[in-house]
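Report on the structure
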Amino acid sequence: MSGVRTSSDIGAFAALAFTDPAQYVGETLELAGDELTMTQIAHVMEQVLHEPISYRAIPREVLLDKGHDAIAGYEFANHGGGWYADIPALRERHPGLITFAAWLEREGAEKYAAAQKRD
């Protein structure tokens, strides 16, 4: 599963930590506003962008000669990266935590369109 986080969410948690350092000293937070599979991400993109989006998994074997980072990225995207964001607890601390769909609507769709023009 892929965790979705935005710079505004990161900034909000940094502000919380600076405002109340005693609560955050020594604590590590995994930040994410959503935790979606690649198929779920494609579905949300279809809904928000109003265009067909399909996800096709690349066979792991294709990446074997591409180096450690390629395999690590594949494992992270398809099987999780060994981290877990407690999204309900994060939302208690910061109710404005942005979901992937909200990020896509606010700024991601524009970035996606720009990337499509470059290709």
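Look a little higher up for the structure.
This text gives an overview of the structure that appears in the document.

Focus: the overall build of the protein chain
For the protein chain, the helix and strand inventory stands at 6 helices and 2 strands. From first element to last, N terminus to C terminus, the protein chain shows the α and β order β-α-α-β-α-α-α-α. The buried share of the protein chain, reckoned over its 119 residues, is 29%. Of the roughly 8,000 Å² that the protein chain leaves accessible, carbon and sulfur atoms contribute 55%. Between the centroid of the 10 positive side chains of the protein chain and the centroid of its 18 negative side chains there is a distance of 6 Å.

So, the side chain of aspartate 9
In this fold, aspartate 9 is placed in helix 1 (residues 7–19). There is no salt bridge for the buried aspartate 9, and the closest opposite charge comes from arginine 106, which lies 6.8 Å off by N-O distance. Aspartate 9 has contacts with His94, Gly96, Leu97 and Ile98, leaving out every residue within four places of it along the chain.

Comments concerning unusual backbone geometry
In the Ramachandran plot, histidine 50 falls in the positive-phi region, its phi being about 60 degrees despite a non-glycine side chain. With respect to the helices and strands, histidine 50 occurs in the loop between helix 3 (38–49) and helix 4 (68–79).

Considerations on the packing of aromatic side chains
Here the structure, examined in full by the defined rule, presents 1 aromatic pair. Ring centres of phenylalanine 100 and tryptophan 103 lie 5.9 Å apart, and the angle between their planes is 25 degrees; on these two criteria the pair is classed as stacked. With a gap of 3 residues between them, phenylalanine 100 and tryptophan 103 both fall in helix 6 (residues 100–118), about one helical turn apart.

Let's talk about the nonpolar core
Membership of the largest hydrophobic core is limited to 10 residues, which are Leu36, Ile41, Ala42, Val44, Met45, Val48, Leu49, Ile53, Phe100 and Leu104. Those elements that provide at least two residues to this core are helix 3 and helix 6. No other element matches helix 3, which puts 6 residues into this core. Among residues more than four places away in sequence, those in contact with valine 44 are Phe100, Ala101 and Leu104. Counting residues in hydrophobic clusters, the runner-up holds 7 residues, among them Ala32, Ala85, Ile87 and Leu90.

A word on helix 3
Given a rise of 1.5 Å per residue, 12 residues ought to cover 16 Å, and the 16 Å separating the end C-alpha atoms of helix 3 matches this to within 8%. Here helix 3 has its buried residues at Ile41, Ala42, Val44, Met45, Val48 and Leu49. The buried residues of helix 3 all sit within an arc of 165 degrees when viewed along its axis, so they share a single face. Positioned one or two residues after helix 3, histidine 50 has a phi angle of 60 degrees, which is positive.

Concerning the pattern of salt bridges
A full pass over the atoms with the stated rule returns 4 salt bridges. Put simply, glutamate 27 and arginine 93 hold a salt bridge, and the shortest N to O gap is 2.8 Å. Residue glutamate 27 is found in the loop between helix 2 (21–24) and strand 2 (34–36), and its partner arginine 93 is found in helix 5 (residues 87–93); the two are separated by 66 residues along the sequence. In this structure, the salt-bridge partner of aspartate 65 is lysine 66, at a minimum N-O distance of 3.8 Å. On the accessibility criterion, aspartate 65 (65% relative accessible area) is exposed.

Procedures and definitions
- Residues numbered from 1 in each chain as written.
- Predicted model: local features only at pLDDT ≥ 70, side-chain atom pairs only at ≥ 80, totals over all residues.
- Heavy atoms only, no water.
- Helix = DSSP H or I, 4+ residues; strand = E, 2+ residues; numbered from the N terminus.
- Buried < 20%, exposed > 50% of the residue type's maximum accessible area, 1.4 Å probe, protein only.
- Areas by Shrake-Rupley, 256 points an atom, 1.4 Å probe, with all protein chains shown as cover.
- Lys, Arg positive; Asp, Glu negative; His and termini not counted.
- Charge placed at Lys NZ, Arg CZ, Asp CG, Glu CD.
- Salt bridge = Lys/Arg side-chain N within 4 Å of Asp/Glu carboxyl O.
- Contact = heavy atoms within 4.5 Å.
- Phe/Tyr/Trp six-rings, centres within 6.5 Å; stacked < 30°, edge-to-face > 60°.
- Core = buried A, V, L, I, M, F, W, Y, C linked by side-chain atoms within 4.5 Å.
- Expected span 1.5 Å × (residues − 1).
- Arc of directions from axis to C-beta.

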